[in-house]
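# Chains, contacts and geometry: an overview
One letter stands for each residue in the lines below.
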Amino acid sequence: MITKIDMNSPEFLAEFEKTEVFTDKVCEQFGFAYTPLTEVKESIQQGLTRNKLIYGKRYCPCFMVIGNTPEEQAKADNRLCPCTPALTVEIPQKGKCHCTIFCTPEHARELAQEENTEEVAHTHTRGLSKEECEVLMKKEQLDGSELEALLEAREQGCVKFNLVDTREWMEWIGNRIKGTDFLIPTTSFHNAMEQLNGKENTPVILYCYSGSRSAYCQRILKHMGFKTVLNLEYGIMAYDGETLSGE
């Protein structure tokens, strides 16, 4: 039987206020900060409220509650907020709990910076700062808007990287991203890699048509000792920036 909870009911709204007070106290007691992602924070608070109304306790909403009775639930070692794994392992080691509602202040600041960088990269309301470029260059995968923003920032001297096309010569001639520095085809990858000799400390961004060949090359470069290697997710087919054709 599905338990239906009306989130607009007076009962839910009253309990939600109590949950907000509860999570505020958790932050104060342990020196945590809330995630800067407001939607995540409110979603977890709603889940805690729902579980309080259903089970009588604020079990973590990210995990299934095991047991049909309070006794069975207590024996099942369900995650009761703030749960032991979050306090002893997740937050000390990763800076955030599994649900990400509770973070260390340092991790919360990093998340806020990442969120702001994502917005700038995708809206192009202004150019990226050096700090925002550093945030993006820590990622494994970039989307088209992020690469476009990084290329604009490179022109302004805010970031350095080599953009590498891992497709074949015929594909490169037909259409390539403006700003591509090297063509290193997958079929002759190890020979063409000579172009990057001595550039192991310069970040590399790879792309192909759909993102699969370049992802393969990404793994090779990392194994070869290149320190920073990013892949354009979904490749040039998902890139809306300026392109070139011809030799």
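Residues numbered from 1 in each chain as written. Predicted model: local features only at pLDDT ≥ 70, side-chain atom pairs only at ≥ 80, totals over all residues. Heavy atoms only, no water.

## Topic: the pattern of salt bridges
Two side chains carrying opposite charge are able to pair once their charged atoms lie near each other. All told, the structure shown has 10 salt bridges when counted by the stated rule. Salt-bridge contacts for arginine 126 lead to glutamate 132; the nearest nitrogen and oxygen are separated by 2.6 Å. With relative accessibility at 41%, the residue arginine 126 sits in the partly exposed group. By relative accessible area, which is 5% here, glutamate 132 ends up buried. One salt bridge in this structure joins aspartate 181 and arginine 154, with 2.7 Å as the shortest N-O distance. Of the two residues, aspartate 181 sits in the loop between strand S5 (176–177) and strand S6 (182–183) while arginine 154 sits in helix H7 (residues 144–155), which places them 27 residues apart along the sequence. (Salt bridge = Lys/Arg side-chain N within 4 Å of Asp/Glu carboxyl O. Buried < 20%, exposed > 50% of the residue type's maximum accessible area, 1.4 Å probe, protein only. Helix = DSSP H or I, 4+ residues; strand = E, 2+ residues; numbered from the N terminus.)

## Comments concerning unusual backbone geometry
What is expected of a backbone is that most residues other than glycine have negative phi and most peptide bonds are trans. Backbone torsion omega between cysteine 81 and proline 82 reads -5°, so that peptide bond is classified as cis. As for its placement among the helices and strands, proline 82 is situated in the loop between helix H3 (70–75) and helix H4 (84–94). With phi around 70°, tyrosine 234 is a residue other than glycine that occupies positive phi space. If you trace the backbone, tyrosine 234 turns up in the loop between strand S8 (229–232) and strand S9 (243–244). According to the relative accessible area criterion, tyrosine 234 is exposed, its value standing at 53%.

## As for the UniProt feature "domain: Rhodanese" (unreviewed entry) in the chain
When the UniProt feature table is mapped onto this chain numbering, "domain: Rhodanese" (unreviewed entry) sits at residues 157–245. Strand forms 20% of residues 157–245 and helix 25%; the C-alpha atoms that close the span are 25 Å apart. (UniProt positions renumbered as here; feature names shortened; annotations may be inferred.)

## Section: the nonpolar core
Nonpolar side chains in soluble globular proteins generally cluster together in the buried interior. Within the largest apolar cluster, 22 residues are counted, with the highest numbers of intra-cluster contacts made by Leu128, Leu147, Leu150, Phe161, Leu163, Ile177 and Ile205. Of all the secondary structure elements, the ones that give two or more residues to this core are helix H5 (105–123), helix H6 (130–136), H7, strand S7 (204–207) and S8. The element that contributes the greatest number of residues to this core is H7, accounting for 5 residues. If sequence neighbours within four positions are ignored, leucine 163 has contacts with Leu147, Leu151, Arg154, Ile177, Gly179, Thr180, Asp181, Phe182, Ile205 and Tyr207. (Core = buried A, V, L, I, M, F, W, Y, C linked by side-chain atoms within 4.5 Å. Contact = heavy atoms within 4.5 Å.)

## Remarks on the sheet that holds S7
Read across the open sheet, the 5 strands follow the order S3-S8-S7-S4-S6; overall the sheet is parallel. The open sheet terminates on both sides in strands that have one partner only, identified here as strand S3 (141–142) and S6. Of the strand pairs in this sheet, S3 and S8 are connected by 2 bridges, and their pairing is parallel. Considered in S8, the bridge of leucine 142 is made with leucine 232. In the packing of helix H10 (residues 212–223) onto the sheet, the strands contacted are S3, S7 and S8, and the crossing angle to S8 comes to about 180°. (Pairing = 2+ DSSP bridges. Axes fitted to C-alpha atoms, helices over the stretch in contact; angles between N-to-C directions.)

## Focus: H7
When the terminal C-alpha atoms of H7 are compared, their 17 Å separation across 12 residues agrees well with the 16 Å that a helix rising 1.5 Å per residue should span. Structurally, the start of H7 carries an N-cap: the backbone nitrogen of serine 145 is 3.2 Å from a side-chain oxygen of aspartate 143. One or two steps after H7, the chain reaches glycine 157, where phi turns positive at roughly 80°. (Expected span 1.5 Å × (residues − 1). Polar contact = N/O pair within 3.5 Å; in protein donor to acceptor, adjacent residues only side chain to side chain.)

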